[in-house]
Every structure is written in C-alpha cells, then in structure tokens.
Amino acid sequence: MLRLSLALAALLAIALPSAASAASPQSFKGEYTVSFLGLSIAKSTFSSHYENGAYAIEGSVTAAGLAKLFDDTRGTISSKGTISGKKMVPQAFRADYTSGKKASTVDIRFADGAVTSTQVVPAPGKRDPKSWVPIGAGDLVSVLDPMAATVIHADSLDQVCGRTVKFYDGEMRADLSLTYASKGTISVPGYKGDTITCRMGFEPVAGYRKGRKALNYLKNRSRMMVTFAPLGQTGVYAPIRATVGTQIGTLTISARRFEAIQ
C-alpha cells in the first residue's frame, strides 16, 4: 500500500512544472499529504523551475504516521524535459527509493518523446511468457514519465478533461483517461479558486502480469477522481487533490500547499 501511495504522489507531483507560455523564469512549490482511511501514511514536497522552454522538477517522498512504524520508505524523484506547444516532452526521469536496508532505482531516458533506455535496480526477475504482457517497440513512443503524466495544458478549465495520457513507469505502459465529473472551488495555502474534477480511468497496455488482482481492480472497479486547479494564468492545470479506490479502502492525496514562488 505504501509503495502505491508513493507512486501516486509522484504522479501528482507534476502539478509543479511551469507553463510554456511564461515569458520569464518561474518556480513552483507543492506539498502533499497521502492518507489511507483517514490516517496519514506519506508526505511529499516538490519544487520545479521553468526557463527558456525547459522544465526541471525535484521532490522527496517519505513515509509518515503509522505507516512509518511498519515501512520506513523514503525516496527522491527528479524529472526534466522541454515543453513543445502544449505537450510535455520528457528527457530524463529518475526515482531512488530506500525501504529499510533495501534500495531501488528507476532511470528512464527519452529522445523526441520516445524511450531510449530504462534501467531498474535491482533488475526485475525472470518473467513467465505465458502470463506476462511484454512491451513492444511501438509502446514506448510518445509516452510520458510518472512526473509528466498528469499536467494538463488547456485553454480553460472546461477543456482539462476529455483526453488520454500514455504513461510509462519503467516497467508498465498504461493509458490514463480523463472524463469530466464536476466543477467546484478549493482553498489551500497558495491557491483559492475554481477547480475541475475528472474521473480517471486506468488501462494497462504492456509490461504487466495477466490476472494481477490489483491491476484488475484499478481497471474495472476502482473509482479514481482527480481535481485540477490552474497555475496562475499560465494555461497549466495541475492536480490539487485525488482519491483512489483500492481493494481495502480509499487512498487520498491532497495538497497542503500549492503556489508559485517566483
């Protein structure tokens, strides 16, 4: 559960890249709390900087609350790339996690929107070809890394939903679909104003084991909702809150701070 929460926090962290329309360097900061059944289990802080059409993001995620008693997981995440038109074009993504004495790394490199290399340490075990859905060459073209997967460039709140994002985390390729759910308002330190909520669908494409219960639940039964808010007048809309239904309860990720700092 904690690993899932950290992964989802990383997804939401892309709230922080600046907009391509900015005329001068801009920086953003976000702080998130991850809770399960009302109990805090993780915290994350991310900062990003945009200048001359390039973005760079750095963040940290740590276990918190009761979860820290059972699994003292912590990690650092970074992503960089460019913004072309209204599209994120990643160049590199890296995540380093430690859990007790165990350490793991995911390093993904891109060129022209396609994955050129993936390094996972420790290396995954041997896959059973009868149950494993392999990744084909065409699956890794025009994809986004975990930190670039949920930023939306749109002309207005009304145009945020109604799209599908290709997502690759170093092992699995999946599609994330966003459909309109509702409009609302929110107030957190750094932002007070209108929001739009999209229902998020999950469709595994490749790089996963057939029949995996957790994936089947996310695909067929989970109710996943993501609320977006604008980053100023930049045309970037970023997640400020999300809820994900799991087999044993609801996971909630919410911003404690959501602001431009430059």
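All figures in this text were calculated on a predicted structure; none of them were measured in a lab. (Residues numbered from 1 in each chain as written. Predicted model: local features only at pLDDT ≥ 70, side-chain atom pairs only at ≥ 80, totals over all residues. Heavy atoms only, no water.)

Another aspect to go through is the state of the cysteines. Inspection of every chain in the model, using the stated rule, returns one disulfide. One disulfide in the model links Cys161 with Cys198; its S-S distance is 1.9 Å. Here the disulfide of Cys161 and Cys198 is left-handed, its torsion about the S-S bond being about -85°. One end of the pair, Cys161, is in the loop between β9 (152-153) and β10 (163-168); the other, Cys198, is in strand β12 (residues 191-206), and 37 residues separate them in sequence. You'll find Cys161 and Cys198 in the same group, each marked buried. (Disulfide = S-S within 2.5 Å. Helix = DSSP H or I, 4+ residues; strand = E, 2+ residues; numbered from the N terminus. Buried < 20%, exposed > 50% of the residue type's maximum accessible area, 1.4 Å probe, protein only.)

So, on to unusual backbone geometry. Only a minority of non-glycine residues have a phi that is not negative, and only a minority of peptide bonds are not trans. Cis geometry is found at the peptide bond from Val121 to Pro122, where omega equals -5°. For Pro122, the location among the structural elements is in the loop between β7 (114-121) and β8 (132-133). Look at Asn52: it is not a glycine, yet its phi comes out positive at around 55°. Tracing the backbone shows Asn52 in the loop between β2 (39-51) and β3 (54-63).

Rolled over the atoms, a probe as big as a water molecule pinpoints where empty space is left. When its volume is computed, the second largest pocket comes out at roughly 430 Å³. What lines the second largest pocket is a set of 18 residues, and nearest its centre among them are Lys86, Lys87, Met88, Leu144 and Val165. Counting only elements with at least two residues in the lining of the second largest pocket, the list comes to β5 (87-99), β9 and β10. (1 Å grid on protein atoms, 1.4 Å probe; cavity = no way out; pocket = protein on both sides within 12 Å on 5 of 7 lines; lining within 4 Å. Points joined across faces, edges and corners; volume = space filled by probe spheres on them.)

Let's shift gears to the confidence of the model for the protein. With 87% of its residues at a pLDDT of at least 70, the protein reaches an overall mean of 84. This model gives residues 1-6 a pLDDT under 50, and the stretch forms 22 contacts once residues within four places in sequence are excluded. Taken as a whole, residues 12-23 scores under 50 in pLDDT and shows 52 contacts with residues more than four places along the chain or in a different chain. (pLDDT = per-residue confidence, 0-100. Contact = heavy atoms within 4.5 Å.)

A complete count under the given rule lists ten salt bridges for this structure. The partner of Arg173 in a salt bridge is Asp175, and the shortest N-O contact between them spans 3.0 Å. By relative accessible area, Arg173 is classed as buried at 4%. Owing to a relative accessible area of 22%, Asp175 belongs among the partly exposed residues under this scheme. In this structure, the salt-bridge partner of Arg257 is Glu259, at a minimum N-O distance of 3.5 Å. Linked by salt bridges that have partners in common, Arg94, Asp96, Asp107 and Arg109 make up one network. (Salt bridge = Lys/Arg side-chain N within 4 Å of Asp/Glu carboxyl O.)

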